[in-house]
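Coordinates in review
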Amino acid sequence: MVTGSAGFIGRHVADALRDAGHDVAGLDIRDGADVRDPDALDELLPGVEVVVHQAAKVGLGVDVSDLPGYASVNVYGTAVLLAAMARHNVRRLVLASSMVIYGEGRYVCAEHGDVRPGPRAVEDLERGRFDPPCPRCGAPLDWAEVGEDTPPDPRNAYATTKLAQEHLAANWARETGGSAAALRYHNVYGPHMPLDTPYAGVAAIFRSELRAGRPPQVFEDGRQRRDFVHVRDVARANLAAVTADVPAGTLRAWNIASGSPHTVGEMAAALAAERGGPRPQVTGRYRLGDVRHIVASPARAAAELGFRAEIGFDAGMKEFARS
Ligand code: UD1
């Protein structure tokens, strides 16, 4: 069963599972089935072997008025789902988690080695000092790839609720002997990405601006780095996770990334070039909840899931710009 099966990622996951020969049941709020509704789950879960949980409230949110919504859908919804899975003896969960649970990525100081900068100061952001300095000596830092054992440090409501989902899934696994595969997605983009909503990721926002003939508004100096991973690759990762080797009673997490990070400015330029303009505007504006660079290491997913992204940045953005 795929939750969120009518959503951006859930649809692609359901398609990939079907293409691989699985029987797929879907649950989606757009079809009137809420993951927080135990009765709906009791109807759907008999006979289900694996739940692939993609239903969630996503994005950075607008302000604190969003907190109850994130907690309700993501935390409470997952709790209701896990309890129902226990009732129906479903022993495997694949969970859509996120890179945002790491907070600010990994940084290396020439003098102090690996360091973890705190949230960026408003004064620094106001002055255009976007790169976090070494928390010990203030020197500039180099970013480095984040591995799955990095301690979590969620910095917004969405990140907090995604981490809570992982913890609840680990509790469920321990209590029931089930196994949970948490896929920590990097920035997912591709066909069916939601349009024109403040909750959408930056790739969708830029595409909407270009479609309307407006220049993409690139925040900070555009040099913040992410890994844009295509939704069909993410669907393949879910397919691998359904049968991955996860010991009973445990949760195992994997970063799901393309392995070739780009800056937000490069992404804006690639989409604008493909659509023939207008050229992106680098605004210097910032959002307090944003982290500067976050780049996941794809190594564990390659070694253990056999997952490697197949759709490269250039081809993926070309298709996305036109979709
Ligand atoms: C995104 C997703 C999050 C997912 C995570 C995985 C959203 C909103 N966020 O987080 O759900 O779990 O990837 O790593 O879908 N930016 C601009 N101009 C804009 C909007 C954003 O320059 O108009 C910049 C932001 O300042 C930020 C970067 O683009 O530096 C990425 O923003 P965004 O896609 O919103 O969120 P992430 O934090 O990367």
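Up top you'll find the structure we're talking about.
Everything in this summary refers to the structure shown in the same document. (Residues numbered from 1 in each chain as written. Predicted model: local features only at pLDDT ≥ 70, side-chain atom pairs only at ≥ 80, totals over all residues. Heavy atoms only, no water.)

**Here we look at the overall build of the protein chain**
Check the secondary structure of the protein chain and you find 10 helices and 15 strands. Taken over C-alpha atoms, the radius of gyration comes to 20 Å for the protein chain, in line with the 20 Å a tight globule of 323 residues would show. Overall, the protein chain is about 55 × 45 × 40 Å in size when its C-alpha atoms are taken along their principal axes. Each of the 323 residues in the protein chain was classed as buried or not, and the buried ones make up 50%. (Helix = DSSP H or I, 4+ residues; strand = E, 2+ residues; numbered from the N terminus. Rg over C-alpha atoms; globule rule 2.2 N^0.38 Å. Buried < 20%, exposed > 50% of the residue type's maximum accessible area, 1.4 Å probe, protein only.)

**Some points on the site of the ligand**
Around the ligand, 23 residues are found, and the nearest of them are Ser-98, Asn-187, Phe-219, Arg-226 and Asp-290. Contacts to the ligand include Gln-217, whose backbone N or O atom sits 2.8 Å from a nitrogen atom. Asp-290 has a polar side-chain atom sitting 2.6 Å from an oxygen atom of the ligand. Looking at the shell around the ligand, the elements with two or more residues in it are helix 6 (202-211) and strand 10 (217-218). The biggest single contributor to the shell around the ligand is helix 6, with 3 residues. Class assignment for the residues of the shell around the ligand results in 13 nonpolar, 7 polar and 3 charged. (Near = heavy atom within 4 Å. Polar contact = N/O pair within 3.5 Å; in protein donor to acceptor, adjacent residues only side chain to side chain. Nonpolar A, V, L, I, M, F, W, Y, C, P; charged D, E, K, R; others polar.)

These values are about where atoms sit, not about what they do.
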